[in-house]
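Below, each chain spelled out in residue letters.
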Amino acid sequence: MVDFKSIETFLWVVTLGSFGGAARKLNTTQPAISQRIAQLESEIGVKLLQRDSRTVMPTPSGRQMMQYAEKLIALRSEMLAAVMDRSAMRGSLRLGVSETIVHTWLPQLIERVASTHPNLSLEVEVDITPNLRARLLAQEIDLAFCLGPLSFPNVRNRVLCDYPISFVASPMLGLGDRVLTVHDLAQFAIITFARKTQPYEIVRSLFNRPDLPHTRLHASASLGTVIRMATDGLGVAVIPTAIVERELAEGQLCLLSTDLHVPTLTFAASWLASPDTFAAELVADVAAKLAQGEDDLAGSQRGISAATVARPESQALR
């Protein structure tokens, strides 16, 4: 008799285009995936997959089977959403996160998920938005918290939060007592986000002008490194205000007044549309409530704030 696990395995082999990808998705081995597919083909008496050296493609019978498999998996997700005790959810979710989120409410999210869904594991990877976008589309992660929303037909998005960008510097630079022009700022090194990111390109465009002297632009994938360089007086940092609340409050950094404007950064939760997105949508919902201050574990009630999140100073997060 055809079992549900075999149908789910078939769906992910076709969706991901390989036995190895399905094995990683289902947290099992490639031989186990091959065995399940062989058993499924034996039980229904038709060949479902055509394999070559690089990819796996469904046969005509496989394409017909896929239509029913998608319906079954979607119906299972709908059923679980309606009747399941969510604390009993099991498995793992591959979560990709922009580092700005790491410095703000990611610890609260991990705590919240551990409290309400103790059997759901989060495999967290930190990277810049272009890399997270590519990994999501390649189905190497299940959910991404990054600059967005992402505009792809098969991607679902939920806006999480907005972060204003500020110019900050150490008081030792003596810049906090006046309105600074772009010419004033161009006299100092500018420290900001990693290359190939949207914020970096925006900052670069502000100082890429023929009437300005050559501006040193220091880029880093580690916001912890950016903050440290700024507090050490090595230049002016252009970063989200929310991640330097502690340094501003303690006087290690000061907020600069300038005639420049950097657009607010909008972060979104993004996941691929598929029949089985229950866990991704659930975690995205928890994240949205935390990011917007609607969760009962957020903020002062749990004694956690963006200003007290431990920051990695010694190495870049990627």
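In this text, all values refer to a predicted model and were calculated from it rather than measured experimentally. (Residues numbered from 1 in each chain as written. Predicted model: local features only at pLDDT ≥ 70, side-chain atom pairs only at ≥ 80, totals over all residues. Heavy atoms only, no water.)

### Describing the overall build of the protein chain
The helix and strand tally for the protein chain stands at 12 helices and 14 strands. Within the protein chain, the fraction of its 318 residues that count as buried is 48%. When contacts within the protein chain are restricted to residue pairs at least 6 apart in sequence, those whose partners lie at least 24 apart make up 78%. (Helix = DSSP H or I, 4+ residues; strand = E, 2+ residues; numbered from the N terminus. Buried < 20%, exposed > 50% of the residue type's maximum accessible area, 1.4 Å probe, protein only. Contact = heavy atoms within 4.5 Å.)

### Quick look at the sheet that holds strand 5 (residues 143-147)
Across the sheet, 5 strands lie side by side as 4-3-5-14-6; this open sheet has mixed pairing. Only two strands of the sheet have a single partner each, and these edge strands are strand 4 (120-126) and strand 6 (155-163). Strand after strand, the sheet turns through a mean of 20° between neighbouring axes, direction not considered. By the bridge criterion, 7 bridges tie strand 3 (residues 91-97) to strand 4 in an arrangement that is parallel. Residue pairing across strands places G96 opposite E125, the latter belonging to strand 4. With respect to the sheet, helix 6 (residues 106-116) is in contact with strand 3, strand 4 and strand 5, its orientation differing from that of strand 4 by roughly 165°. (Pairing = 2+ DSSP bridges. Axes fitted to C-alpha atoms, helices over the stretch in contact; angles between N-to-C directions.)

### A look at the packing of helix 1 (residues 4-16) against helix 3 (residues 30-44)
Their axes nearest at 9 Å, the elements helix 1 and helix 3 cross at an angle of 110°. Classified by the angle between their axes, helix 1 and helix 3 sit roughly perpendicular to one another. Once helix 1 is placed against helix 3, the crossing between them reads as left-handed. Counted together, K5, S6, T9, F10 and V13 of helix 1 and I33, R36, I37 and L40 of helix 3 form the full contact between these two elements. Its residues assigned to classes, the contact of helix 1 with helix 3 shows 5 nonpolar, 2 polar and 2 charged. (Parallel < 35°, antiparallel > 145°, perpendicular 65-115°, else oblique. Left-handed = near helix turned anticlockwise from the far one by under 90°. Nonpolar A, V, L, I, M, F, W, Y, C, P; charged D, E, K, R; others polar.)

### Section: the sheet that holds strand 11 (residues 236-240)
Read across the open sheet, the 5 strands follow the order 10-9-11-7-12; overall the sheet is mixed. Looking along the sheet, the strands with just one partner apiece sit at the ends: strand 10 (217-219) and strand 12 (254-255). Direction of pairing for strand 7 (residues 165-169) relative to strand 12: antiparallel, over a ladder of 2 bridges. Note on strand 12: the bridge partner recorded for V168 is L255. With respect to the sheet, helix 10 (residues 223-231) is in contact with strand 9 (190-192), strand 10 and strand 11, its orientation differing from that of strand 11 by roughly 140°.

### Looking at the packing of aromatic side chains
Inspection of the entire model under this criterion finds 2 aromatic pairs. Seen from their ring centres, W105 and F145 are 5.6 Å apart, and the 55° between their planes marks the pair as tilted. Remark: F145 occurs in strand 5 and W105 occurs in the loop between helix 5 (99-102) and helix 6; sequence separation between them is 40 residues. By relative accessible area, W105 is classed as buried at 4%. On the accessibility criterion, F145 (0% relative accessible area) is buried. Ring centres 5.8 Å apart and planes at 65° place the aromatic pair Y163 and F267 in the edge-to-face group. Highlighted residues: Y163 in strand 6 and F267 in strand 14 (residues 265-272), separated in sequence by 104 residues. On the accessibility criterion, Y163 (9% relative accessible area) is buried. Judged by its relative accessible area of 2%, F267 is buried. Over the aromatic face of Y68 sits the side chain of K71, whose NZ or CZ is 5.4 Å from the ring centroid. (Phe/Tyr/Trp six-rings, centres within 6.5 Å; stacked < 30°, edge-to-face > 60°. Lys NZ or Arg CZ within 6 Å of the ring centre and 35° of its normal.)

### Regarding the nonpolar core
Of all hydrophobic cores here, the largest spans 68 residues; its most connected members are W105, L109, L143, F145, F167 and F207. The leading source of residues in this core is helix 12 (residues 278-291), at 10 residues. Among the domains, domain 2 (91-155 + 267-292) and domain 3 (165-263) are the pair contributing at least three residues each to this core. If sequence neighbours within four positions are ignored, L143 has contacts with L93, R94, L95, G96, L136, A269, S270, W271, A280, V283 and A284. Counting 20 residues, the second-largest nonpolar core is a separate cluster that includes V14, A23, L40 and I73. (Core = buried A, V, L, I, M, F, W, Y, C linked by side-chain atoms within 4.5 Å. Domains from an automatic or database assignment.)

### Structural notes on unusual backbone geometry
Peptide bonds are trans in most cases, and residues, glycine excluded, mostly fall at negative phi. That bond from G148 to P149 is cis: its omega, 0°, falls within 30 degrees of zero. Mapped onto the elements, P149 comes out in the loop between strand 5 and strand 6. Backbone geometry places K196, a non-glycine residue, at a positive phi of 70°. Its location among the elements puts K196 in the loop between strand 9 and helix 9 (198-207).

### Here's the deal with helix 10
With respect to burial, helix 10 is a largely interior element, 7 of its 9 residues being buried. Buried within helix 10 we find L223, G224, V226, I227, M229, A230 and T231. Looking at the buried side of helix 10, the elements it contacts are helix 5, strand 9, strand 10, strand 11 and helix 11 (245-250). Phi turns positive, to about 80°, at G233, one or two residues after helix 10.

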